[in-house]
Amino acid sequence: MCGIAGFVGKGDINDLHAMGNQLNHRGPDGEGTFLDKLRHIFLLHKRLAILDIEDGGQPMWNEDKTVGVIFNGEIYNHIELREKLIKKGHIFYTDHSDTEVLVHGFEEWGAELPLKLNGMFAFAIYDLKRNIIFFARDRFGKKPLYYSCCPGLFCFASELTALLRHSCVRASISKRSLQKYYAYGFIPAPNSLYENIYKLPGGCHMIYDIGAGKVKIEKYWEFKIEPIGDCPQQPEITWGEELRHLLSEAVNRRLMSDVPLGIFLSGGIDSSAILAYACKYIQPEKIQTFSIGFNENSFDESEYARTVAKYYGTNHHEELLNIDTAKMLVSLVLSRLDEPFCDPSIIPTYQLCQFAKKYITVALSGDGGDELFAGYDPFKALHIANWFNKLVPARIKGGLRTLAELLPVTENNMGFDFKIKRGLRGASYPPFLWNPVWLGPLEPRELNDFFNENIKIEDIYEEAISAWETSSSDNIVDKTLEYYTRFYLQNNILTKTDRASMLNSLEVRSPFLDNDLVEFARKIPHNYKFRYGQTKYILKNALRDIVPDEILFRKKKGFGIPLTKWLRTWDQKEFNKIQIEYADSGWMNSRLSEHKEGKRDNRLFLWSWLAHQYHAANISNLT
């Protein structure tokens, strides 16, 4: 796990070092650079040493120094790929570095290389003979890659803030991206918050032609639901066996490490299953597990994490997140985020990574399980929303929403009033907007007020609309699964995990996103993922007798924080640190007053604004 940066064209070594310094937290164990003065190419790598600590430095080259790579991530099938490449005549100089597989793999397979890789990655391969730089990002975009291409300069980096440290890259706000941020709660790739700066989407590779100064991007993989044609006679048994096998293999692949390794334990199904299979390969007492607890009972899951840790006999560690710690972390974390995003669980995730780093350098997490197997609460609302949308007249929908707003605001995690209000809010719009409106900080009519203009839905939600309309399935559960895996997982969940972990120089791995497991999961019909009103039906059945029933069938809480309550205690000055371009701060202050007075629960919008405030202040300091 590392940080990469570089550029072609304008700039000098001072720009490269400035970019690298911004990535120190991603690679505290070493730095490598390469300068091609003839072509004016600068490359930099910041290393977090995980595998082949002695010989794994980068950039790493082939035998004749014509192909070199800088790489952020881990390749879990590098041993099998190394064996294949050796048989084809490639000579390896490192003992077991996964990075060297990329060099020889590109020589052998070219642009087909990313399809061969099972892992998380963002890399740049410089091919001197072809005069190109080849980039690729893993299938789900677990590892970030930003770039900018303008006359006289092509620039890239693992983080947007590193890109902005180049003296010729400007931070000019994209109004459209800003509006998307408040609509989705994140900025979907390939957009970034700034004009002429982009994210390479997950599942894509990119070629920069150095001579022509042009970029070409192609998608090499996309998550699609393609159900198996004929179900076996006993699907729960047949598919359950395959799921257990694939999950076991996925966990085993991610246990490779030359540094201490542990497991994040929430007390939920996914992390508990990962621990169960890790215990097949490592003695339980040698496994370190980590969790975060809260004083507020409706948010606290630490008792379940302790139950699981005790059940398997691990060396368990736990910390408590209270409001005083949260306030301290908000300033620390939000001011260092690459881009703002609307997920307050970044705070407990950061704290989890921070205290885990005291013991380990690599952690396994349950990310991906909810997206693949329909684990979120909105799946339970889909059929109700479908009925509501088709049968209830628009004027009655508005009346029901007005009545729902009369319900008193509670501070509980996923309280009844929150579910009702959010459910009616999303269902008041066409089906292609259900998911982004359910999850986003602001709905379309609020966006109009906040930005003082009549915003076109088809522009702001173009990604969600396209995904819904071009889905490989006509079923609303499948369409929602594709939304979560293509957009929410990449741009929110995995972004959160990457930023929180790398700010603490910690690597986090996601067994549920293993290639083989994903390929199998996407072929399981939706009615075996969400069945009889039960989320994760097939996964829960597969894990019987492996994960305790009290964990498998308990009510899901999610990794939330008591944000509704906490925001009421924060000074208004925290929300007015810096002027936000294009947005109406007066409208925001009205929403803040409503929230503080307990009239409405505006937590997601206010958190989005807070994250935006800290990001804007940080960028103004950088530039």
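Quick look at the structure, then. Fair warning: this is a prediction, and the values are worked out from it, not measured in the lab. (Residues numbered from 1 in each chain as written. Predicted model: local features only at pLDDT ≥ 70, side-chain atom pairs only at ≥ 80, totals over all residues. Heavy atoms only, no water.)

Points about the overall build of the protein chain
Working step 1: From N to C terminus, the protein chain includes 26 helices and 17 strands.
Working step 2: A compact globule built from 623 residues should have a C-alpha radius of gyration of about 25 Å, and the protein chain, at 24 Å, falls within 12% of that.
Working step 3: Each of the three principal axes of the protein chain carries a C-alpha extent, and together these read 70 × 55 × 45 Å.
Working step 4: Per-residue burial for the protein chain yields a buried fraction of 62% across its 623 residues.
Working step 5: Intrachain contacts of the protein chain at a sequence separation of at least 6 include 73% that bridge at least 24 residues.
Working step 6: Of the accessible surface of the protein chain, which amounts to about 23300 Å², a share of 49% is contributed by carbon and sulfur atoms.
Working step 7: Of the side chains in the protein chain, 75 bear a positive and 79 a negative charge, and the two mean positions are spaced by 4 Å. (Helix = DSSP H or I, 4+ residues; strand = E, 2+ residues; numbered from the N terminus. Rg over C-alpha atoms; globule rule 2.2 N^0.38 Å. Buried < 20%, exposed > 50% of the residue type's maximum accessible area, 1.4 Å probe, protein only. Contact = heavy atoms within 4.5 Å. Areas by Shrake-Rupley, 256 points an atom, 1.4 Å probe, with all protein chains shown as cover. Lys, Arg positive; Asp, Glu negative; His and termini not counted. Charge placed at Lys NZ, Arg CZ, Asp CG, Glu CD.)

Comments concerning the sheet that holds strand S3 (residues 41-47)
Working step 1: Pairing within the open sheet is antiparallel, and its 6 strands lie in the order S2-S3-S1-S9-S8-S10. Sheet topology places strand S2 (30-36) and strand S10 (198-199) at the edges, where each strand pairs with a single neighbour.
Working step 2: Contacting strand S1 (2-9), S2, S3 and strand S9 (153-157), helix H1 (residues 13-21) crosses the sheet at an angle of about 155° to S1. (Pairing = 2+ DSSP bridges. Axes fitted to C-alpha atoms, helices over the stretch in contact; angles between N-to-C directions.)

Section: the environment of Glu 63
Working step 1: Looking at the element boundaries, Glu 63 is found in the loop between strand S4 (60-61) and strand S5 (67-75).
Working step 2: In this structure Glu 63 comes out as partly exposed when scored by relative accessible area, which is 35%.
Working step 3: Through-space distance from the C-alpha of Glu 63 to that of His 90 is 9.1 Å; in sequence the pair is 27 residues apart.
Working step 4: Excluding its chain neighbours within four sequence positions, the residues that come into contact with Glu 63 are Ile 91, Tyr 93, His 104 and Glu 107.
Working step 5: Here the side chain of Glu 63 touches Ile 91 through a polar contact of 3.5 Å, landing on its backbone nitrogen. (Polar contact = N/O pair within 3.5 Å; in protein donor to acceptor, adjacent residues only side chain to side chain.)

Regarding the packing of helix H11 (residues 346-356) against helix H20 (residues 476-502)
Working step 1: Put simply, H11 and H20 touch, their axes get as near as 8 Å, and they point 40° apart. One finds that H11 runs oblique with respect to H20. Note that H11 runs across H20; the crossing there is right-handed. Two secondary-structure elements touch here, H11 through Ile 346, Thr 349, Tyr 350 and Cys 353 and H20 through Lys 496, Ala 500 and Ser 501.
Working step 2: Class assignment for the residues of the contact of H11 with H20 results in 4 nonpolar, 2 polar and 1 charged. (Parallel < 35°, antiparallel > 145°, perpendicular 65-115°, else oblique. Left-handed = near helix turned anticlockwise from the far one by under 90°. Nonpolar A, V, L, I, M, F, W, Y, C, P; charged D, E, K, R; others polar.)

Concerning helix H9 (residues 302-312)
Working step 1: Along H9, the residues that are buried comprise Ser 302, Ala 305, Val 308, Ala 309 and Tyr 312. Looking straight down H9, one finds its buried side chains confined to an arc of 120°; they lie on one side.
Working step 2: Packed against the buried residues of H9 are helix H8 (269-278), strand S14 (288-294), strand S15 (315-321) and helix H23 (549-552). (Arc of directions from axis to C-beta.)

Side note on H11
Working step 1: Across the 11 residues that make up H11, a large majority, 10, are buried.
Working step 2: Three or more residues of H11 are buried, namely Ile 346, Ile 347, Pro 348, Thr 349, Tyr 350, Gln 351, Leu 352, Cys 353, Phe 355 and Ala 356.
Working step 3: Taken together, the buried residues of H11 touch strand S13 (261-264), S14, S15, helix H10 (323-334), H20 and helix H26 (603-622).

A closer look at the packing of aromatic side chains
Working step 1: For the coordinates displayed, the defined rule picks out 41 aromatic pairs.
Working step 2: Measuring from ring centre to ring centre gives 5.6 Å for Phe 135 and Phe 154, while their planes differ by 55°; the resulting arrangement is tilted. With Phe 135 in strand S7 (residues 132-137) and Phe 154 in strand S9, the pair connects residues that are 19 residues apart, well separated along the chain. The same class applies to Phe 135 as to Phe 154, namely buried.
Working step 3: Arg 591 extends its terminal NZ or CZ atom over the ring of Trp 587, reaching a point 4.5 Å from the ring centre. (Phe/Tyr/Trp six-rings, centres within 6.5 Å; stacked < 30°, edge-to-face > 60°. Lys NZ or Arg CZ within 6 Å of the ring centre and 35° of its normal.)

Brief notes about the nonpolar core
Working step 1: Within the largest apolar cluster, 177 residues are counted, with the highest numbers of intra-cluster contacts made by Phe 123, Tyr 182 and Phe 450.
Working step 2: No other element matches the 12 residues that H20 contributes to this core.
Working step 3: Apart from residues lying up to four places away in sequence, Phe 450 is in contact with Tyr 182, Leu 442, Tyr 582, Ala 583, Asp 584, Trp 587, Met 588, Phe 605 and Trp 609.
Working step 4: Counting residues in each nonpolar core, the second largest holds 21 residues, with Ile 41, Ile 133, Phe 154 and Phe 156 among its members. (Core = buried A, V, L, I, M, F, W, Y, C linked by side-chain atoms within 4.5 Å.)

Details of the sheet that holds S4
Working step 1: Within the open sheet, the 6 strands sit side by side as S4-S5-S6-S7-S11-S12. Their pairing is antiparallel. Two strands bound the open sheet, and with one partner strand each, they are S4 and strand S12 (214-219).
Working step 2: Judged from the 9 bridges that link them, S5 and strand S6 (residues 119-127) form a sheet pairing that is antiparallel. Residue pairing across strands places Glu 74 opposite Met 120, the latter belonging to S6.

Digging into unusual backbone geometry
Working step 1: The linkage connecting Ala 189 with the following residue, Pro 190, adopts the cis geometry, with an omega of 10°.
Working step 2: Positive phi values are uncommon outside glycine, yet Lys 65 reaches one of about 60°.
Working step 3: Here Lys 65 is to be found in the loop between S4 and S5.
Working step 4: Residue Asn 196 is not a glycine yet carries a positive backbone phi of 65°.
Working step 5: When you line up the elements, Asn 196 lands in the loop between helix H6 (175-184) and S10.

Digging into the pattern of salt bridges
Close approach of charged atoms allows side chains with opposite charge to pair.
Working step 1: Summed over all chains, the structure comprises 38 salt bridges.
Working step 2: Salt-bridge contacts for Lys 142 lead to Asp 138; the nearest nitrogen and oxygen are separated by 3.9 Å. Both residues of the pair, Lys 142 and Asp 138, count as buried.
Working step 3: Among the salt bridges present, the one from Arg 445 reaches Glu 443, with a minimum N-O distance of 3.6 Å.
Working step 4: Classification of Arg 445 by relative accessible area gives exposed; the value is 51%.
Working step 5: Classification of Glu 443 by relative accessible area gives buried; the value is 2%.
Working step 6: Bridged by salt links that share partners, the residues Arg 26, Lys 143, Glu 159, Asp 338, Asp 498 and Arg 499 form one connected network. (Salt bridge = Lys/Arg side-chain N within 4 Å of Asp/Glu carboxyl O.)

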